Amino acid sequence: MSWNTVTLDISDGVARLTVDRPDALNAMNPETLEELEAAIREAERESARVLVLTGAGDDAFIAGADIDYMREFSTPEALAYAERGQNIVRNLQEFPGVTIAAINGYAFGGGCEFSLACDLRVASERAIIGQTEIDLGIIPGWGGTQLLQRLVSDEVARRLVFFGERLDATDAHEHGLVGEVVAHDELYDHVDEMAAELASKPRHALYAAKEALNAFHETGGEGGLTVERRAWSGLFGTPDQREGMAAFVEKREPDFE
Ligand code: COA
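These numbers come from a predicted model, not from an experiment.

A. Quick peek at the environment of E125. Position of E125 relative to the elements: it lies in the loop between strand 7 (120–124) and strand 8 (128–130). Along the chain, E125 and H184 lie 59 residues apart, while their C-alpha atoms are 5.7 Å from each other. Separated by 3.3 Å, the side chain of E125 and the backbone nitrogen of H184 make a polar contact.

Right, here's the structure in full:
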């Protein structure tokens, strides 16, 4: 499916969601946010098991929120825009499948934040990543101050936000901001392989795992253990659990739903 600034392709359980404003390095205006929300809903309706988020063109993943659009914001307007961006962060975090950011170039500000909201991040060797807002006189407003802390040390989070540092892919990987770095030309093949493997895993178990892993950050260790316990026990009796364990005992490959 295609909107004005976003495209969505779904095949074999994998949704590829592309922000498509290459002339503005995929910077996001209100139309983009609205279309991203609609596309994530559509991927969910189509029961995609994996969602890959990326940017159109060869230069940028997403160069942030559209600065030209925001420059004259009043505080109430800024608050409303923060809520819209944070809603998408939530949509990605709660997406009932695995989300992967395929970071093909610049990922700044809101672009960095949307990558942080995904479950996994794969960067092209050309990626440059940062929370650059400080140099615009603002701070991250779409979850960055919270999401960074999940992946990098508090020291690194503060350095990124205070200095607005733009990390190349190698440094981003070294700090834990991305899971791996691959050759630019191999990014999509690599991500497609990951997505296909994830799409073949038992769906309910994958989502339960995501919920339990998310809960650590939302509720802290103890609350997370409660969520994990419930999610774990709730999987017993599902067809995939029965099949997975039967296959192991019978020494054969499982045939998941
Ligand atoms: N908002 C609006 N437009 C943006 C944008 C953003 N966040 N990022 C890039 N663009 C636009 C530029 O205005 C330019 O448009 P134009 O051709 O109509 O003038 C076009 O994208 C290309 O950008 P340009 O700056 O000319 O390319 P570059 O290769 O010299 O630099 C960047 C690329 C990404 C380093 C630079 O554009 C940049 O620093 N962007 C801002 C990133 C940022 O701080 N994002 C956080 C926002 S909260």
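B. Quick look at the packing of aromatic side chains. Counted under the stated rule, the structure contains six aromatic pairs. An angle of 75 degrees between the planes, with centres 5.3 Å apart, marks the rings of F73 and Y81 as edge-to-face. The exposure class assigned to F73 is partly exposed, which follows from its relative accessible area of 23%. Ring pairs connect the aromatic residues Y69, F73, Y81, F114 and W142, which therefore count as one cluster. Above the ring of F108, the side-chain terminus of R166 is found at 4.4 Å from the ring centroid.

C. Region of the structure containing the pairing of strand 7. A large share of strand 7 lies buried, amounting to four of its five residues. Pairing of strand 5 (residues 98–103) with strand 7 involves four bridges; the strand directions are parallel. Its bridge partner being in strand 7, A101 is matched across the sheet by R121. Direction of pairing for strand 7 relative to strand 10 (residues 180–182): parallel, over a ladder of three bridges. In the sheet register, V122 faces strand 10, and the bridge partner there is E180.

D. Molecular detail of a nonpolar patch on the surface. Judged by side-chain polarity, I67, L136 and I138 come together as a nonpolar surface patch covering roughly 260 Å² of accessible area. By the element assignment, I67 lies in helix 2 (residues 67–70).

E. Region of the structure containing the side chain of S115. Residue position: S115 is located in helix 4 (residues 110–117). The buried category is assigned to S115, whose relative accessible area is 2%. A distance of 2.7 Å separates a polar atom in the side chain of S115 from the backbone oxygen of C112. Those residues in contact with S115, other than ones at most four positions away along the chain, are F61, A101, I103 and R121.

F. Highlighting the site of the ligand. Around the ligand lies a shell of 15 residues, among which A63, A65, I67, T132 and R166 are the nearest. In the model, a nitrogen atom of the ligand is placed 3.0 Å from a nitrogen or oxygen of the A65 main chain. If the ligand stood free it would expose 860 Å²; the protein chains cover 56% of that surface. When its residues are assigned to classes, the shell around the ligand shows nine nonpolar, two polar and four charged.

G. Broad picture of the nonpolar core. Ranked by size, the top nonpolar core spans 47 residues in total, and within it L53 and F114 carry the most contacts. Residue contributions to this core peak at five residues, all from helix 1 (residues 30–45). Leave out the neighbours within four places in its chain, and L53 touches L17, V19, L36, F61, L92, I100, A101, A102, F114 and C118. V50, V52, V182 and A195 belong to the second largest nonpolar core, which has 14 residues in total.

Here is what the cut-offs are and how they apply
- Residues numbered from 1 in each chain as written.
- Predicted model: local features only at pLDDT ≥ 70, side-chain atom pairs only at ≥ 80, totals over all residues.
- Heavy atoms only, no water.
- Helix = DSSP H or I, 4+ residues; strand = E, 2+ residues; numbered from the N terminus.
- Polar contact = N/O pair within 3.5 Å; in protein donor to acceptor, adjacent residues only side chain to side chain.
- Phe/Tyr/Trp six-rings, centres within 6.5 Å; stacked < 30°, edge-to-face > 60°.
- Buried < 20%, exposed > 50% of the residue type's maximum accessible area, 1.4 Å probe, protein only.
- Lys NZ or Arg CZ within 6 Å of the ring centre and 35° of its normal.
- Pairing = 2+ DSSP bridges.
- Patch = residues over 30% accessible without salt bridge, like charges linked within 9 Å, V, L, I, M, F, W, Y side chains within 5 Å.
- Areas by Shrake-Rupley, 256 points an atom, 1.4 Å probe, with all protein chains shown as cover.
- Salt bridge = Lys/Arg side-chain N within 4 Å of Asp/Glu carboxyl O.
- Contact = heavy atoms within 4.5 Å.
- Near = heavy atom within 4 Å.
- Nonpolar A, V, L, I, M, F, W, Y, C, P; charged D, E, K, R; others polar.
- Core = buried A, V, L, I, M, F, W, Y, C linked by side-chain atoms within 4.5 Å.

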